[in-house]
There are 2 protein chains.
Amino acid sequence: MARIALDAMGGDLAPAAPIAGALLALQEFGSTHTIQLIGREAVIREQLERLLATEYAEFRDVSRALDIVHADDVIEMTDKPSVAIRGKPNSSMAVGLRLQPEGKSDAFVSAGNTGAQMAASAFILKVHDGVKRPAISTLLPTARQSVVVLDSGANVDCSPEELVIFARLGAIYAEDVLGRPNPSVSLLSIGEEPEKGNAAVKETHQLLAASGLNFHGNIEGRDVPAGISDRGVFDVVVCDGFVGNVVLKLYEGMAPMVVGLLAKGGVSKEQLSRGLQHLDYASVGGAPLLGVKGVSIICHGKSSAVAIKNAVQVAARTVESRMSDHIGQRLSQHQTSVAQS
Amino acid sequence: MARIALDAMGGDLAPAAPIAGALLALQEFGSTHTIQLIGREAVIREQLERLLATEYAEFRDVSRALDIVHADDVIEMTDKPSVAIRGKPNSSMAVGLRLQPEGKSDAFVSAGNTGAQMAASAFILKVHDGVKRPAISTLLPTARQSVVVLDSGANVDCSPEELVIFARLGAIYAEDVLGRPNPSVSLLSIGEEPEKGNAAVKETHQLLAASGLNFHGNIEGRDVPAGISDRGVFDVVVCDGFVGNVVLKLYEGMAPMVVGLLAKGGVSKEQLSRGLQHLDYASVGGAPLLGVKGVSIICHGKSSAVAIKNAVQVAARTVESRMSDHIGQRLSQHQTSVAQS
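All values derive from a computational prediction rather than experimental measurement. (Residues numbered from 1 in each chain as written. Chains lettered and ligands numbered in written order. Predicted model: local features only at pLDDT ≥ 70, side-chain atom pairs only at ≥ 80, totals over all residues.)

### Quick look at the overall build of chain A
Helix and strand counts for chain A stand at 13 helices and 14 strands. Here the C-alpha radius of gyration of chain A, 20 Å, is about what a compact globule of 341 residues would show, namely 20 Å. Principal-axis analysis of the C-alpha atoms gives chain A an extent of 60 × 60 × 35 Å. Within chain A, residue pairs in contact and separated by at least 24 positions form 73% of the contacts whose partners lie at least 6 positions apart. (Helix = DSSP H or I, 4+ residues; strand = E, 2+ residues; numbered from the N terminus. Rg over C-alpha atoms; globule rule 2.2 N^0.38 Å. Contact = placed C-beta atoms within 7 Å.)

### Structural notes on the interface of chain B and chain A
Counting residues at the interface gives 43 residues for chain B, matched by 42 residues for chain A. If you list the elements that add at least two residues to the side of chain B that touches chain A, you get helix H9 (223-226), helix H10 (241-264) and helix H11 (269-275) of chain B. Here the element with the most residues in the side of chain B that touches chain A is H10 of chain B; it accounts for 17 residues.

### A word on the sheet that holds strand S1 (residues 2-7) of chain B
Residues and elements named next belong to chain B. The sheet built from seven strands is open, its strands ordered S3-S2-S1-S4-S14-S13-S5 with mixed pairing. With one partner strand each, in any of the chains shown, strand S3 (67-70) and strand S5 (135-136) form the two edges of the open sheet. Relative to strand S14 (residues 296-299), strand S4 (residues 107-110) runs parallel, the two being bridged by three bridges. Each residue of the ladder has a partner; that of Phe108, found in S14, is Ser296. Most of the contacts of helix H6 (residues 114-125) go to S14, to which it runs at about 180°, and overall it touches S4, S5, strand S13 (286-290) and S14. (Pairing = 2+ DSSP bridges. Axes fitted to C-alpha atoms, helices over the stretch in contact; angles between N-to-C directions.)

### Focus: the relation of the copies chain B and chain A
In this arrangement, two copies of a chain are superimposed by a rotation about an axis accompanied by a shift along the axis. Structural alignment of chain B on chain A gives an RMSD of 0.0 Å, achieved by rotating through 180° and translating 0.0 Å along the axis. Expressed as a symmetry operation, the mapping of one chain copy onto the other fits a two-fold axis. (Least-squares fit on C-alpha atoms with pLDDT ≥ 70 in both.)

### Here we look at the confidence of the model for chain A
Confidence in the prediction for chain A averages 93 pLDDT; 99% of positions are at 70 or higher. ipTM for the predicted complex: 0.91, alongside a pTM of 0.92. (pLDDT = per-residue confidence, 0-100.)

### With respect to helix H8 (residues 199-209) of chain A
Residues and elements named next belong to chain A. For H8, the set of buried residues is Val201, Thr204, His205 and Leu208. Within H8, the buried residues cover an arc of 110° as seen down the axis, which keeps them to one side. Opposite its buried face, H8 presents the exposed residues Ala199 and Gln206, each directed more than 90 degrees away. Buried residues along H8 sit in contact with helix H7 (160-176), strand S8 (185-188) and strand S9 (215-219). (Buried ≥ 20, exposed ≤ 12 C-beta atoms within 10 Å, placed from the backbone. Arc of directions from axis to C-beta.)

### Side note on the domain arrangement of chain A
Residue and element names in this part refer to chain A. What the domain assignment lists for chain A is domain 1 (1-132 + 283-322 + 335-341) and domain 2 (142-279). On a C-alpha basis, the centres of domain 1 and domain 2 stand 26 Å from each other. Taken together, the 12 residues of domain 1 in the interface contact nine residues of domain 2. Those elements giving two or more residues to the side of domain 1 that touches domain 2 turn out to be strand S13 (286-290) and helix H12 (305-320). Here the element with the most residues in the side of domain 1 that touches domain 2 is H12; it accounts for three residues. Tallied by class, the residues present in the side of domain 1 that touches domain 2 amount to six nonpolar, four polar and two charged. (Domains from an automatic or database assignment. Nonpolar A, V, L, I, M, F, W, Y, C, P; charged D, E, K, R; others polar.)

### Some points on the environment of His216 of chain A
Residues and elements named next belong to chain A. Following the sequence through the fold, His216 ends up in strand S9. Classification of His216 by C-beta neighbours within 10 Å gives buried; the count is 23. C-alpha separation for the pair His216 and Ala17, spaced 199 residues apart in sequence, amounts to 39 Å. Residues within four places of His216 in sequence aside, it is in contact with Ser184, Val185, Ser186, Arg231 and Phe234.

### Describing H6 of chain B
All names here are of chain B. Between its terminal C-alpha atoms H6 stretches 16 Å, which fits the 16 Å expected from 12 residues at 1.5 Å a residue. Burial analysis of H6 places 11 of its 12 residues in the buried class, the great majority of the element. Taken residue by residue, H6 has Thr114, Gly115, Ala116, Gln117, Met118, Ala119, Ala120, Ser121, Ala122, Ile124 and Leu125 as its buried positions. The inward-facing, buried residues of H6 abut helix H4 (81-87), helix H5 (92-98), S4, S5, S13 and S14. Two residues or fewer after H6 comes Lys126, characterised by a positive phi angle close to 70°. (Expected span 1.5 Å × (residues − 1).)

### Digging into the environment of Arg144 of chain A
Residue and element names in this part refer to chain A. If you trace the backbone, Arg144 turns up in the loop between strand S6 (138-140) and strand S7 (147-150). Classification of Arg144 as partly exposed rests on a count of 13 C-beta atoms within 10 Å. Between the C-alpha atoms of Arg144 and Ala226, which are 82 residues apart in sequence, the distance is 6.7 Å. Residues contacting Arg144, with those up to four places away along its chain left out, are Gly227, Ile228 and Val233.

### A word on the sheet that holds strand S9 (residues 215-219) of chain B
Residue and element names in this part refer to chain B. Pairing in this open sheet of five strands is mixed, and the strands run S6-S7-S12-S8-S9 from one edge to the other. Each end of this open sheet is capped by a strand with a single partner; those strands are strand S6 (138-140) and S9. Neighbour to neighbour, the strand axes of the sheet diverge by 30° on average, direction disregarded. Relative to strand S7 (residues 147-150), S6 runs antiparallel, the two being bridged by three bridges. Note on S7: the bridge partner recorded for Leu140 is Val147.

Next up, the structure:
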């Protein structure tokens, strides 16, 4: 029975979307997970009543299983990450995360300020030995299976050693949470040959080839949406947070651009939205912050109730697979083997 | 009367596409440009006869104005850049480029090996003072006007000073060849605030703000396909060649991915290709290599005859606007003002 703390105040559509998402999650997974809604209790109760009085009327019974944990403060989208640690120690984010070291919860889910969530998660949950800063992984839809891209914005100017840590973190996530045995880890570069890339990427290629990971080799930008390179499919894409962030935002911006062009060309909105459902991040829900001791799931700021419900499922899978423990074990095994060699 | 040397042997569809492109260009611009087809004379004559005997039958008169300049060797797509300089001094690329310092031609156009073209152009044409290596600029279609992205793969691991040179080169290209007065130059980063980005990008932001260029500020990945950020439209996107190459290849890979999804969703191929015409690189043709003393136009390896014809037009505009001279003047003005300050 995973206990999942959900930030009721985080995200562009909060508090309505997280609260509605909690109801959807309780109905779908209520027999196996409990949900702790974190935030201003009066606001949550008022919003909950409004939802139960209107479109969520049939969720009244389900809603009785909802735990509410009061938190005075709210992290705004414009707050600096440090605010989450020092400025607002009683924010829904800080209160929700602290339940884990207190033994009262197994996971935290938020669609709020990503930088703040990362900082608060590292501060409150702590990071595993060998991790400098946690990595943000993003699950990206492709023409084939979805792929894990990391780091997607938390860490810029990365050393080759840090990129190798991302590769290890991404591989464990793909295996534990996505159920991909022996995941294939690729390195984003500007040519498939090992000698292509910038200095950090070229060195990372050599380190990954000797890492014991199932290394796919380099991929190029065009292989990401295809989900396949000349050497086959891959599960994980490793890059620094600058490149990863540019890739993800470009990805996000391309679909509306193409849709706009096609709509002008006479393709109906209905055909477009049906065809591109596959690219909707709501179906993914959220992705775990990798490297922390515990579970912190990062959702898109625009997350709908359905996206939140799916993120709760990701949280549960992350807890049940014991991903965080596996990361700690594998990183310490790796450090031991490095020390012995 | 611009004299344009066209590599008959370069590109995936050579020699047919460049030769057919030369015929199209002669017909459309024959009164103002001459075309010099560079390559193995026997191969060119044979291919030309084949085209004139079939789908290009009505071009026989036009074809008489075509100059053919023999070159023994061909640079293969897999050849290393150095081959273009030392290994095959009589390649169509080297022969075509040498016509410029010999005073026999004004521009060179090729759809061949880009790395080789860049190396041979820098070696034969030389670079302007202040330029370390020439930059590859790519004209990218967006939901609004097209934008110049540079560097798009020639220079990885760039210093802030090099990124500022790219900004200057891109601005002159946008003004001279695209006809955009006082072009707006943006910096690709991971947030619009000056303090967002990696170390090189953050420093570049400060240098660009003081550069005298019309600096748009930072843009994010999602602004590229939109062609607009919160601060309005922009003409030039500055980034290092690693990021630029990832962006361009991702861009190239997204359209087929989206088309594939929509085709599965029942949108007809005809609707898709009509709607996405705007994204076709053939309409752009080619982009000048920036920073060389002369004109070298880089075309996509898959260039069709129409793409080559459009690239010839880009070459003519680059010659007529005296872009290379302007680059030399502006860079030397800038160096003088730096020396005096």
